[in-house]
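Here's the letter readout for the chains.
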Amino acid sequence: MRIATRRAAGLDSRGWTGDLRHEVTDYFDDLASEWHTRSSPQRTAVVIDALVRGLDAGRASNAGTAVEIGSGIGLYSHLIAERFDTVVALDLSLQMLRLAPRGPARRVQADAASLPLRDRSADAVILINSLLFPAEVDRVLSRDGV
């Protein structure tokens, strides 16, 4: 995964290819049934702390749209939904999305290398367990987004 992370972020000249995307998809599809075992009160506390410091400090209201990239089985979507009117939860793994609850987020299978969102349409882009595609985050994030 370290190699995939570097390639996704543009730090490796081989870049994000179709073969690598399929390899990463298969990897997370295989982990989907046990992904819930990676949650703990301590991990949730870390995510809450990051949301409070990264989102709540500079925002006056819960209005707007958040994009959760790498949402997996939706372990933290409800925490984001407490802070935004709309949450779009994206994941490359269809198996992960199938295990996620129906709400409170809109679940979409997508490759974060090519987000199915309009330019400047997100008030926040949140990555908890995901590869970073900086150009795509920059493209979809609103001018005042976080």
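Structural data are supplied above this passage.
Residues numbered from 1 in each chain as written. Predicted model: local features only at pLDDT ≥ 70, side-chain atom pairs only at ≥ 80, totals over all residues. Heavy atoms only, no water.

Undergrad: Describe the nonpolar core, and please don't skip the residues or the numbers.
TA: Judged by nonpolar contacts, the single largest core of 26 residues is most densely connected at Trp16, Val24, Ile69, Leu90, Met96 and Val125. Only helix H1 (2-8), helix H2 (18-31), strand S1 (65-69), strand S2 (86-91) and helix H6 (134-140) provide two or more residues apiece to this core. The leading source of residues in this core is H2, at four residues. Once residues lying within four places of it in the same chain are set aside, the contact partners of Val24 are Met1, Ala4, Trp16 and Leu92. Ranked by size, the runner-up nonpolar core spans 13 residues in total, among them Leu55, Tyr76, Ala105 and Ile126. (Core = buried A, V, L, I, M, F, W, Y, C linked by side-chain atoms within 4.5 Å. Buried < 20%, exposed > 50% of the residue type's maximum accessible area, 1.4 Å probe, protein only. Helix = DSSP H or I, 4+ residues; strand = E, 2+ residues; numbered from the N terminus. Contact = heavy atoms within 4.5 Å.)

Undergrad: Before we move on, could you go through a negative patch on the surface and cite the residues and values that matter?
TA: Taken together, the side chains of Asp19, Glu23, Asp26 and Asp30 make up a negatively charged region of the molecular surface. Along the chain, Asp19 turns up in helix H2. On the basis of relative accessibility, which here comes to 65%, the residue Asp19 falls in the exposed class. (Patch = residues over 30% accessible without salt bridge, like charges linked within 9 Å, V, L, I, M, F, W, Y side chains within 5 Å. Areas by Shrake-Rupley, 256 points an atom, 1.4 Å probe, with all protein chains shown as cover. Salt bridge = Lys/Arg side-chain N within 4 Å of Asp/Glu carboxyl O. Lys, Arg positive; Asp, Glu negative; His and termini not counted. Charge placed at Lys NZ, Arg CZ, Asp CG, Glu CD.)

Undergrad: Break down the sheet that holds S1 for me, citing the residues and quoting the values.
TA: A sheet is described by the order of its strands in space; here four strands give the open sequence S3-S2-S1-S4, paired in parallel fashion. Either end of the sheet is taken by a strand with one partner, and the two such strands are strand S3 (106-109) and strand S4 (124-127). Geometrically, the sheet is characterised by an average inter-axis angle of 20 degrees between neighbouring strands, direction not taken into account. Two elements, S1 and S4, share four bridges in a ladder whose sense is parallel. Bridge pairing in S4 links Glu68 to Ile126. (Pairing = 2+ DSSP bridges. Axes fitted to C-alpha atoms, helices over the stretch in contact; angles between N-to-C directions.)

Undergrad: Tell me about the pattern of salt bridges, and please be specific about residues and values.
TA: Evaluation of the coordinates by the stated rule reveals six salt bridges. A salt bridge links Asp12 to Arg14, with the shortest nitrogen-to-oxygen separation between them at 2.8 Å. A network of salt bridges, in which partner residues are shared, links Asp119, Glu136 and Arg139.

Undergrad: Tell me about the packing of aromatic side chains, and name the residues and values.
TA: To describe a pair of aromatic rings, you give the distance between the ring centres and the angle between the ring planes. Across all of its chains, the model carries three aromatic pairs by this definition. Summarising the aromatic geometry, the rings of Trp16 and Phe133 are spaced 5.1 Å apart at their centres and angled 80 degrees between planes, so their arrangement reads as edge-to-face. One end of the pair, Trp16, is in the loop between H1 and H2; the other, Phe133, is in the loop between S4 and H6, and 117 residues separate them in sequence. Each member of the pair, Trp16 as well as Phe133, carries the same accessibility label: buried. For the pair Phe28 and Trp35, a centre-to-centre distance of 5.8 Å together with 70 degrees between the ring planes defines the contact as edge-to-face. Here Phe28 and Trp35 have matching classes, each one buried. Here the aromatic cluster, defined as three or more aromatic residues joined through ring pairs, consists of Tyr27, Phe28 and Trp35. (Phe/Tyr/Trp six-rings, centres within 6.5 Å; stacked < 30°, edge-to-face > 60°.)

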